[in-house]
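Geometric and topological summary
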Amino acid sequence: MSRCSDVIVVGGGLHGLSAALHIARAGLKVTLLEAAWIGRHASGATAAGVRTLGRAWQEMPIALEAMDMWHRIEEIVGDDCGFSASGQVRVAEDDAQMHALRMRAEEGRRRGFGNEQLIGAELLRELLPAASPHLVGALHAPADGAADPHRTIRAFRAAAEADGVCILEYTAVHEVRREGAAWRLSTSRGDHVAGQIVNCAGAWGAKLAALWGEEIPLGLKASMMIVTERLYPFLRPVVSAQGRALSFKQTAQGTLVIGGGLQGKADIDVQKSFVDFAELSKGARAAVAVFPGVADVRITRSWAGIEARTEDLLPVIGPSATVPDVWHAFGFSGHGFELIPVVGAIMADLVTQAGTAREIAPFAVERLREARVQAG
């Protein structure tokens, strides 16, 4: 027996939950299918930075809208998701890096974006009193911050289910075929039929698209994280470094969460990822270079996630290039957390109106195939 919905969302990460939530609030019947459990991969492994700082200019319009949504996230999902607008800071360690940050700030102003502010060494020391004295300045986004990833998952799931979304875990999609004006998805737990499909399958987004014959070039990331023992509170902003792979924050519980894009290994066929400890040590060294006082802090755990990576590091948001009534939202390449609320709203626009007033043209899936052809 087949179960019918208006829309099937495939992928139970935060973008899938947000899409399902917003589509359900638009009045449609939504089923969400997740092959494992909700938040199993990238959403459960993220450092949960809520960041406009340093974003690609193409992403900035939707990132700024998403930031406004984060500042009222409790109105949207009934919980503050642990969001704290503590700011984000990208530090410079020498004059060349400071020059690069100054050029970025000037370009942002020229484009009409006022979220990033250049600050000198004196103000930086007030923001980061525990940082190394050799830092010469920074780019500061005071409205940015961070959230609690698992609390965010729980909040979006609860909100989606409260609005009628049917969430089915351990339900892997094996086959997709067109039947008249509908789509039939054969899964590990029976068939599901819907008028539209939203592809939020993350690292598996291209594999899902291949089921209806759409070829999408897509890479893979296995970003690693370190968590330390609890420390006294000494840091509010999330810190990155212009010349290093570093993301450094202190949680409300006092632990340090250290990342920055250092890569482990992953196998999406078996849904497993692996920490590369030699590579991970670079993150620890970068943290000590910027915050020398953490040199003797003990690491309590580390992990690697699995997420999609596009060639240009921009997400895929928009319609399928080859079939009707299919919409993509994946490929966030390690910086999709901040975009969660607005991407859900965009998916609701696309599903209900077949278009959106938001600027998503840079994220069209066609660009990936065209780039692959041009590269030979």
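Before going into details, it helps to say that this report is about the structure given with it.

Thresholds, definitions, all that
- Residues numbered from 1 in each chain as written.
- Predicted model: local features only at pLDDT ≥ 70, side-chain atom pairs only at ≥ 80, totals over all residues.
- Heavy atoms only, no water.
- 1 Å grid on protein atoms, 1.4 Å probe; cavity = no way out; pocket = protein on both sides within 12 Å on 5 of 7 lines; lining within 4 Å.
- Points joined across faces, edges and corners; volume = space filled by probe spheres on them.
- Helix = DSSP H or I, 4+ residues; strand = E, 2+ residues; numbered from the N terminus.
- Nonpolar A, V, L, I, M, F, W, Y, C, P; charged D, E, K, R; others polar.
- Buried < 20%, exposed > 50% of the residue type's maximum accessible area, 1.4 Å probe, protein only.
- Contact = heavy atoms within 4.5 Å.
- Pairing = 2+ DSSP bridges.
- Axes fitted to C-alpha atoms, helices over the stretch in contact; angles between N-to-C directions.
- Parallel < 35°, antiparallel > 145°, perpendicular 65-115°, else oblique.
- Left-handed = near helix turned anticlockwise from the far one by under 90°.
- Phe/Tyr/Trp six-rings, centres within 6.5 Å; stacked < 30°, edge-to-face > 60°.
- Lys NZ or Arg CZ within 6 Å of the ring centre and 35° of its normal.

Right, let's talk about the layout of surface pockets for a bit. Roughly 750 Å³ of internal volume is contained in the second largest pocket. Lining the second largest pocket we find 29 residues, and of these Ala 147, Lys 249, Thr 251, Ala 252 and Gln 253 sit closest to its centre. For the lining of the second largest pocket, the secondary-structure elements that each account for two or more residues are helix H7 (149-162), strand E13 (224-230), strand E15 (247-250), strand E16 (255-259) and strand E19 (299-304). It is H7 that provides the largest number of residues to the lining of the second largest pocket, a total of three residues. The class makeup of the residues in the lining of the second largest pocket is 13 nonpolar, eleven polar and five charged.

Turning to the environment of Ile 299, a few remarks are in order. Turning to its location among the elements, Ile 299 is positioned in strand E19. We classify Ile 299 as exposed; its relative accessible area is 52%. Sequence spacing of Ile 299 and Lys 221 is 78 residues, and the spatial spacing of their C-alpha atoms is 23 Å. Not counting the four nearest positions on each side in its chain, Ile 299 is found in contact with Ile 226, Val 227 and Thr 228.

Read from one edge of the open sheet, eight strands run E5-E6-E4-E14-E15-E16-E13-E19, paired in mixed fashion. Pairing within the sheet leaves two strands with one partner each, and these edge strands are strand E5 (117-120) and E19. Strand-to-strand twist across the sheet, computed as the mean angle between neighbouring axes with direction ignored, equals 20°. Pairing analysis gives four bridges linking E5 to strand E6 (residues 137-141), with the strands arranged antiparallel. Directly across from Gln 117, in E6, lies its bridge partner His 140. Sitting on the sheet, helix H9 (residues 277-290) is in contact with strand E4 (88-92), E13, strand E14 (238-241), E15, E16 and E19, with an inclination near 55° to E13.

A word on the packing of helix H1 (residues 14-25) against H7. Following both chains from N to C, one finds H1 and H7 inclined at 25°, their axes separated by 9 Å at the closest point. With respect to each other, H1 and H7 are oriented roughly parallel. Where H1 crosses over H7, the handedness of that crossing is left-handed. Residues Leu 14, Leu 17, Ser 18, Leu 21 and Arg 25 of H1 touch H7, and the partners they reach there are Thr 152, Ile 153, Phe 156, Arg 157, Ala 159 and Ala 160. Of the residues in the contact of H1 with H7, the class split is seven nonpolar, two polar and two charged.

With the rule as written, the count across this model stands at eight aromatic pairs. Ring geometry for Trp 183 versus Trp 212: centroids 6.3 Å apart, planes at 55°, classification tilted. Here the residue Trp 183 occupies a position in strand E10 (residues 182-187), and Trp 212 occupies one in the loop between helix H8 (205-210) and strand E12 (219-221), the gap between them amounting to 29 residues. What makes Trp 212 buried here is its relative accessible area of 10%. Centroid distance Phe 248 to Phe 291: 4.4 Å. Interplanar angle 10°. Geometry classified as stacked. Linking Phe 248 in strand E15 with Phe 291 in the loop between H9 and E19, this pair joins segments that are 43 residues apart in sequence. A single burial state applies to Phe 248 and to Phe 291, both of which are buried. Chaining the aromatic ring pairs together yields one cluster made of Tyr 232, Phe 234, Phe 248 and Phe 291. The ring of Trp 57 has Arg 104 lying over it, and the distance from NZ or CZ to the ring centre is 3.8 Å.

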